[in-house]
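Listed here are the chains, written in short residue letters.
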Amino acid sequence: MYNTLKTSFRYLFRNRGLTIINILGLAIGICVFILIMHYVRNELSYDRFLSKQETVGRLEFTFSNNSQSAWTTSSMGLDVREAIPEITGFVRIRAMHDIYLEYDEINYPIPQGLMVDSNVFEIFDLEMLQGEPKSALTEPFTIVLTRSLSEKIFNERDPIGEVLKTPEGIDFRITGIINDPPNFHLQFDMLVSFVTLGVMYGEERLHTYKTYQYDTYFEMIDKAHPDTVNQKITAFFYDKFEELDGEPVSEEDAFTARVR
């Protein structure tokens, strides 16, 4: 054993250049492997905290040219829930970017906000630290902040009931604080009540097929078969678009709808 090790080290010493290359290659390979495993582990951890992963999904459309879209109108969620027995709930989401809100004469940049229906806490497991989940986002111009954003603005002060103001002079009242979600595919710093859109742009904005600005997530019953539900949703929208347009959907505009 001793002679084997002695011979090996003697060989490595005599071939120092090759030895260094091999050691560096091995070290780089191990580092790359660790980074890849860390990345994969992080990706696989997304949404693991959600208890309804198997029954909640986003509505998506695939068209005849193989293009895909998750953009929906504000009416699609309500109409599908009423038409498809397997659908028990829905939540509409509209992204908001590069927002500035003022408090105590200081402007705070809000990288990401989401306008959501008030039942968002029933669809997704978002831990409410302060406020009431069922009522926090039922009124216009109410918002829920993540804990990190609340601490950034208020430090240790109680933020409930405080008002943040937009550059346009619109007041938003804080009604809740939630824990920052761990590895959630929906990224946000605050949630804004969806009904705010009805006050800002008219009630029609809350139930229309005229604008595709939202993501819609559906909750299905536990025993629902996804393929059956998707077939029903596709058939429903074929009938709905024929009703709205006054003519059947053409082959060029053919699509399939699914919740996933």
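What comes next is a walk through the structure.

Calculation notes
- Residues numbered from 1 in each chain as written.
- Predicted model: local features only at pLDDT ≥ 70, side-chain atom pairs only at ≥ 80, totals over all residues.
- Heavy atoms only, no water.
- Helix = DSSP H or I, 4+ residues; strand = E, 2+ residues; numbered from the N terminus.
- Buried < 20%, exposed > 50% of the residue type's maximum accessible area, 1.4 Å probe, protein only.
- Contact = heavy atoms within 4.5 Å.
- Areas by Shrake-Rupley, 256 points an atom, 1.4 Å probe, with all protein chains shown as cover.
- Patch = residues over 30% accessible without salt bridge, like charges linked within 9 Å, V, L, I, M, F, W, Y side chains within 5 Å.
- Salt bridge = Lys/Arg side-chain N within 4 Å of Asp/Glu carboxyl O.
- Lys, Arg positive; Asp, Glu negative; His and termini not counted.
- Charge placed at Lys NZ, Arg CZ, Asp CG, Glu CD.
- Arc of directions from axis to C-beta.
- Phe/Tyr/Trp six-rings, centres within 6.5 Å; stacked < 30°, edge-to-face > 60°.
- Lys NZ or Arg CZ within 6 Å of the ring centre and 35° of its normal.

1. Thoughts on the overall build of the chain
1) Next: Of the regular secondary structure elements, the chain holds seven helices and eleven strands.
2) Next: Expressed as a percentage of its 260 residues, the buried residues of the chain come to 38%.
3) Next: The long-range fraction of contacts in the chain, counting pairs at least 24 apart against all pairs at least 6 apart in sequence, stands at 71%.
4) Next: When the accessible area of the chain is evaluated, it comes to approximately 15,800 Å², of which 53% is carbon and sulfur surface.

2. A closer look at a negative patch on the surface
1) Next: Taken together, the side chains of D239, E242, D245, E247, E252 and D253 present a region of like negative charge at the surface.
2) Next: In this fold, D253 is placed in the loop between α7 (226-245) and β11 (255-259).

3. Things to note about helix α5 (residues 147-154)
1) Next: Those residues of α5 that fall on the buried side of the exposure criterion are L149, S150, I153 and F154. On an axial view of α5, the arc spanned by its buried residues comes to 105°, and they lie on one face.
2) Next: The inward-facing, buried residues of α5 contact β3 (87-103), β4 (106-116), β6 (142-146), β7 (163-165), β8 (171-178) and β9 (190-193).
3) Next: Following α5 by one or two positions, N155 adopts a phi angle in the positive range, close to 55°.

4. Some details on the pattern of salt bridges
1) Next: Under the defined criterion, the tally for this structure stands at ten salt bridges.
2) Next: A salt bridge links D79 to K240, with the nearest nitrogen and oxygen atoms 4.0 Å apart. Here the residue D79 occupies a position in helix α3 (residues 76-83), and K240 occupies one in helix α7, the gap between them amounting to 161 residues.
3) Next: Accessibility expressed as a relative area gives 18% for D79, which makes it buried.
4) Next: A salt bridge links R173 to E139, with the nearest nitrogen and oxygen atoms 3.1 Å apart.

5. What about the packing of aromatic side chains?
1) Next: Counted by the stated rule, this structure contains 13 aromatic pairs.
2) Next: Ring centres 5.7 Å apart and planes at 70° place the aromatic pair F61 and F255 in the edge-to-face group. Of this pair, F61 sits in strand β1 (residues 56-63) while F255 sits in strand β11, and the two are 194 residues apart along the sequence.
3) Next: What makes F61 buried here is its relative accessible area of 4%.
4) Next: Among the residues examined, F255 registers a relative accessible area of 6% and is labelled buried.
5) Next: Sitting over the ring of Y201, R205 keeps its end group 4.4 Å from the ring centre.

6. Observations concerning unusual backbone geometry
1) Next: For N66, which is not glycine, the phi dihedral falls at a positive 75°.
2) Next: With respect to the helices, strands and loops of the structure, N66 is situated in the loop between β1 and β2 (68-69).
3) Next: Under the relative-accessibility criterion, N66 is labelled exposed at 65%.
4) Next: One non-glycine residue, F141, adopts positive backbone phi at about 60°.
5) Next: Relative to the helices and strands, F141 is located in the loop between β5 (128-130) and β6.
6) Next: Given the relative accessible area of 21%, F141 is considered partly exposed.

7. Here's the deal with a nonpolar patch on the surface
1) Next: Together, I20, L24, I28, V32 and I36 give the surface a local cluster of nonpolar side chains, amounting to about 470 Å² of exposed area.
2) Next: Tracing the backbone through its elements, the reader meets I36 in helix α2 (residues 16-44).

8. Some points on the environment of D253
1) Next: Using a relative accessible area of 47% as the deciding quantity, one classes D253 as partly exposed.
2) Next: On a C-alpha basis, the gap between D253 and S64 in space is 6.6 Å, while along the polypeptide they are 189 residues apart.

9. Overview of the side chain of T166
1) Next: Turning to its location among the elements, T166 is positioned in the loop between β7 and β8.
2) Next: When its relative accessible area of 9% is taken as the criterion, T166 is described as buried.
3) Next: Sequence-distant contacts of T166, that is, excluding residues within four places in its chain, are made with Y100, L101 and F172.

10. As for the environment of V56
1) Next: In this fold, V56 is placed in strand β1.
2) Next: Between the alpha carbons of V56 and G89 there is a distance of 9.1 Å; along the sequence they are 33 residues apart.

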